[in-house]
Amino acid sequence: MLDPSVAVRSDLREEGRELDLLVAGLDEKAWSLPTPAPGWSIAHQIAHLAWTDRAALLALTDATAFGRMTEAALAAPDRFVDEGAAEGAALPPAELLARWRAGRTALDTALAEAAPDARFPWYGPPMKAASMASARLMETWAHGQDIADSLGVRRAPTARLRHVARIGVRARDYAYAVRGLPVPAEEFRVELTAPDGADVWTYGPADAAQRVTGPALDFCLLVTQRVHRSDVAVEAHGPDADRWLDIAQAFAGPAGAGRGPAGESR
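This write-up is about the structure you can find in this document. In this text the structure is predicted, and so the values were computed from the model without any measurement.

### Regarding the nonpolar core
Here comes step 1: Within the largest apolar cluster, 56 residues are counted, with the highest numbers of intra-cluster contacts made by Leu111, Trp122, Met132, Val212, Phe219 and Trp244.
Here comes step 2: Sorting elements by how many residues they give to this core places helix H7 (residues 129-151) first, with eight residues.
Here comes step 3: In contact with Trp122, other than residues within four places in its own chain, are Thr52, Ala55, Ala56, Ala59, Phe66, Met127 and Met132.
Here comes step 4: Counting residues in each nonpolar core, the second largest holds 15 residues, with Leu19, Ile42, Ala43 and Leu49 among its members.

### What about the pairing of strand E3 (residues 211-215)?
Here comes step 1: As defined by bridge partners, strand E1 (residues 189-193) adjoins E3 across five bridges and the pair is classed as parallel. Residue pairing across strands places Glu191 opposite Thr213, the latter belonging to E3.
Here comes step 2: By the bridge criterion, three bridges tie E3 to strand E4 (residues 235-237) in an arrangement that is antiparallel. Following the sheet pairing, Val212 is matched in E4 by Ala236.

### A word on the packing of helix H3 (residues 42-61) against H7
Packed helices, taken two at a time, are described by the angle between their axes plus the distance between the axes.
Here comes step 1: Following both chains from N to C, one finds H3 and H7 inclined at 175°, their axes separated by 9 Å at the closest point. With respect to their mutual orientation, H3 and H7 come out roughly antiparallel. On the side of H3, the interface is formed by Ile42, Gln45, Ile46, His48, Leu49, Thr52, Asp53, Ala56 and Ala59, while H7 contributes Met132, Arg136, Glu139, Thr140, His143, Asp146, Ile147, Ser150 and Leu151.
Here comes step 2: Tallied by class, residues from the contact of H3 with H7 come to eight nonpolar, six polar and four charged.

### Quick look at the environment of Leu26
Here comes step 1: Considering the arrangement of structural elements, one finds Leu26 in the loop between helix H1 (4-24) and helix H2 (28-31).
Here comes step 2: Residues in contact with Leu26, not counting those within four places in the same chain, are Trp31, Ile42 and Leu151.

### Things to note about the packing of aromatic side chains
Here comes step 1: Evaluation of the coordinates by the stated rule reveals seven aromatic pairs.
Here comes step 2: An angle of 10° between the planes, with centres 5.7 Å apart, marks the rings of Phe66 and Trp122 as stacked. Pair noted here: Phe66 is in helix H4 (residues 63-75) and Trp122 is in the loop between helix H6 (93-113) and H7, with a separation of 56 residues, a long-range link.
Here comes step 3: Between Phe188 and Trp244, the aromatic rings sit 5.8 Å apart at their centres with planes inclined by 55°, giving tilted as the arrangement. Placement of Phe188 in the loop between helix H9 (172-177) and E1 and of Trp244 in helix H11 (residues 239-247) is noted, with a sequence separation of 56 residues between them. Across the pair, exposure class does not vary: Phe188 and Trp244 are buried alike.
Here comes step 4: Among the aromatic residues, those joined into a cluster by ring pairs are Trp51, Phe66, Phe80, Trp122 and Tyr123.
Here comes step 5: The ring of Trp100 is capped by Arg104, whose NZ or CZ atom sits 4.2 Å from the centre of that ring.

About the thresholds
Residues numbered from 1 in each chain as written. Predicted model: local features only at pLDDT ≥ 70, side-chain atom pairs only at ≥ 80, totals over all residues. Heavy atoms only, no water. Core = buried A, V, L, I, M, F, W, Y, C linked by side-chain atoms within 4.5 Å. Buried < 20%, exposed > 50% of the residue type's maximum accessible area, 1.4 Å probe, protein only. Helix = DSSP H or I, 4+ residues; strand = E, 2+ residues; numbered from the N terminus. Contact = heavy atoms within 4.5 Å. Pairing = 2+ DSSP bridges. Axes fitted to C-alpha atoms, helices over the stretch in contact; angles between N-to-C directions. Parallel < 35°, antiparallel > 145°, perpendicular 65-115°, else oblique. Nonpolar A, V, L, I, M, F, W, Y, C, P; charged D, E, K, R; others polar. Phe/Tyr/Trp six-rings, centres within 6.5 Å; stacked < 30°, edge-to-face > 60°. Lys NZ or Arg CZ within 6 Å of the ring centre and 35° of its normal.

Structure (structure tokens):
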């Protein structure tokens, strides 16, 4: 059987390459442009990706060192993400870009060498290498969206979004748990129109009472909390599904604050 991490690693490399092309030609002033994430510039976004790539590399190759990083995060749960981003953002853009590129290469190698069935520690549940690669792709795409929004660039959605959508669906119970809310007992049906407009990505039992439907791009923007729910064409059918769309998050860690409706001041 083909190692499932092979395909997702290829998609992760391509996601990183496209974002790299977006930022590589920016001048120093542009790296300081604000993004939709309050207090974060384009440099902060790339620095965060470099930081989390390093965390993933340690999780795969040095569990003890990753444990120390986790302890530091638990000691400052409201600050460690911002502090990691700020540290990297203070570097000259060329140095930051080189650090991010080197980290992506090292992580790709570690993912290729990881035993397919081994589980590695993370800030959420332990993950296999394929899931780790999917999580890195999700973050690369989401933070790349912030950068694209800052630059006024519209990125064409690709089939790589299937990884983001899958994480968003699988993280349903986590979104409830991290908020201390009871988890729905039954699975939901999720039906998403793929970026090509022809395929439909489906998750959950076809006869589920609760359903979510809409464009895959909109769903991915919603579960990565890059848009407000009122600004996407994702529909809930049933009260539990409706509640989920208000709290959905595809990332580990504390519940995100989300984004306000389009046009609302940050």
